[in-house]
Amino acid sequence: LENRTLTAEWLRQNHELYTAATNHSFIKSIRDGTIDVNNFKHWMEQDYHFVRELVRFVASVLQKVPRNAPEHDLDVILGGLTALESEITWFRKEANFWQIFLERVTLLQPNKDYCEFLKELEREDTPYAAAVTAFWLIELVYCASFMSCLEEDAKTPYELVSTVKRWGSPEFHQYTLSLKKLADKALENASDAEQKQAQKIFVRILELELKFWDMAGFVL
Ligand code: HMH
């Protein structure tokens, strides 16, 4: 039954795009230890600002959790929001270590585009089913990507291990599975039109994630 859910079906339908977004050359260069530190810093600068928009998006998902949903559902999203608070603290600490000045960063176009898309998803006319599916997929791409950097034969540089563990740890993987369950349940209860809307958003996110990695691996 596991693979008869809409989320699983959409992952199958978009297998190539999903693989491109989760096996990017930027991630591969972390995994094999060849990464240029400037590329890494570049990604971190941009991602910090993305995560600040992500906080607002997750807050909008929290507001959309149906009042008649089990208490646990709200707790899952709230957990995601509190995790983002510690993530932001972590970003500032890391930025300090890498000598990055977060307040001086110029947002690049792929990041701007992604943040604009998040703003669309924050609107009231994005139904809960589409919003929670989006949240799940955004986290899944990072989880699946960074998990590969923790495999036994990975040569991830020591300084990058805390980054890689943030999204590639078994705990974070469990979290993505909790989100997947919420997404599947919401999609089951959604209308055909809402399912279609969620499916379009699903594809768009994979495209934006791919472009975000492309941007990260390219230093001006
Ligand atoms: C671009 N996608 C991007 N940044 C992130 N931090 C995540 C996903 C996961 O939180």
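Right, let's walk through the structure included here. (Residues numbered from 1 in each chain as written. Predicted model: local features only at pLDDT ≥ 70, side-chain atom pairs only at ≥ 80, totals over all residues. Heavy atoms only, no water.)

A few words on the overall build of the chain. Broken down by element type, the chain carries 10 helices and 0 strands. Taken from the N to the C terminus, the helices and strands of the chain come in the order α-α-α-α-α-α-α-α-α-α. At 17 Å, the chain has a C-alpha radius of gyration in line with the 17 Å of a compact globule built from 220 residues. Each of the three principal axes of the chain carries a C-alpha extent, and together these read 45 × 35 × 30 Å. (Helix = DSSP H or I, 4+ residues; strand = E, 2+ residues; numbered from the N terminus. Rg over C-alpha atoms; globule rule 2.2 N^0.38 Å.)

Further remarks concern the site of the ligand. Every residue close to the ligand is listed here: D47, F50, V51, L54, Y114, I138, E139, Y142, W167, E209 and F212. One of the side-chain N or O atoms of E139 is found 2.7 Å from an oxygen atom in the ligand. W167 places a polar side-chain atom, nitrogen or oxygen, 3.4 Å from an oxygen atom of the ligand. Relative to its free-state accessible area of 290 Å², the ligand is covered by the protein chains to the extent of 100%. Residue assignment for the shell around the ligand shows that the elements contributing at least two residues are α4 (37-64), α7 (128-147) and α10 (192-216). At 4 residues, α4 tops the list of elements feeding residues into the shell around the ligand. Residue composition of the shell around the ligand, by class: 8 nonpolar, no polar and 3 charged. (Near = heavy atom within 4 Å. Polar contact = N/O pair within 3.5 Å; in protein donor to acceptor, adjacent residues only side chain to side chain. Areas by Shrake-Rupley, 256 points an atom, 1.4 Å probe, with all protein chains shown as cover. Nonpolar A, V, L, I, M, F, W, Y, C, P; charged D, E, K, R; others polar.)

Further remarks concern the environment of N96. Note on placement: N96 falls in helix α5 (residues 71-98). For the pair formed by N96 and D47, sequence separation is 49 residues and the distance between their alpha carbons is 15 Å.

This part covers the pattern of salt bridges. Throughout the structure, instances matching the rule amount to 7 salt bridges. With a shortest N-O distance of 2.7 Å, K185 and D73 are connected by a salt bridge. Taken together, the residues span a long stretch of sequence, with K185 in helix α9 (residues 170-188) and D73 in helix α5 at a distance of 112 residues. Look at K185 and you get partly exposed, because its relative accessible area is 33%. Residue R204 pairs with E207 through a salt bridge whose shortest N-O separation is 3.6 Å. (Salt bridge = Lys/Arg side-chain N within 4 Å of Asp/Glu carboxyl O. Buried < 20%, exposed > 50% of the residue type's maximum accessible area, 1.4 Å probe, protein only.)

Under the criterion given, the structure shown has 0 disulfides. C149 takes part in no disulfide bond, and the closest cysteine sulfur, belonging to C143, lies 11 Å away. (Disulfide = S-S within 2.5 Å.)

Turning our attention to unusual backbone geometry. Of note, the phi angle at Q99 is positive, near 60°, even though the residue is not glycine. Mapped onto the fold, Q99 is located in the loop between α5 and α6 (109-122). Of the residues examined, Q99 reaches a relative accessible area of 60% and is grouped as exposed.

Inspection of the secondary structure assignment puts I35 in the loop between α3 (25-31) and α4. By relative accessible area, which is 15% here, I35 ends up buried. Considering only alpha carbons, one finds I35 and N96, 61 residues apart in sequence, at a separation of 20 Å. Here I35 is in contact with F26, S29, I30, F40, P157 and L160, once residues within four sequence places are set aside. (Contact = heavy atoms within 4.5 Å.)

Aromatic ring pairs: the centre-centre distance and the angle between the two ring planes describe each pair. Scanning all chains against the criterion turns up 26 aromatic pairs. Both rings, one in F146 and one in W213, keep their centres 5.9 Å apart while their planes meet at 75°; by these two values the pair is edge-to-face. Linking F146 in helix α7 with W213 in helix α10, this pair joins segments that are 67 residues apart in sequence. Neither residue differs from the other here; F146 and W213 are each classed as buried. Three or more aromatic residues joined by ring pairs form one cluster here, namely F26, F40, W43, Y48, W90, F91, F97, W98, Y142, F146, W167 and W213. Above the ring of F101, the side-chain terminus of R104 is found at 4.6 Å from the ring centroid. Above the plane of the ring of F117 lies R204, whose end atom (NZ or CZ) is 5.7 Å from the centre. (Phe/Tyr/Trp six-rings, centres within 6.5 Å; stacked < 30°, edge-to-face > 60°. Lys NZ or Arg CZ within 6 Å of the ring centre and 35° of its normal.)

The analysis is restricted to geometry; functional conclusions fall outside its scope.
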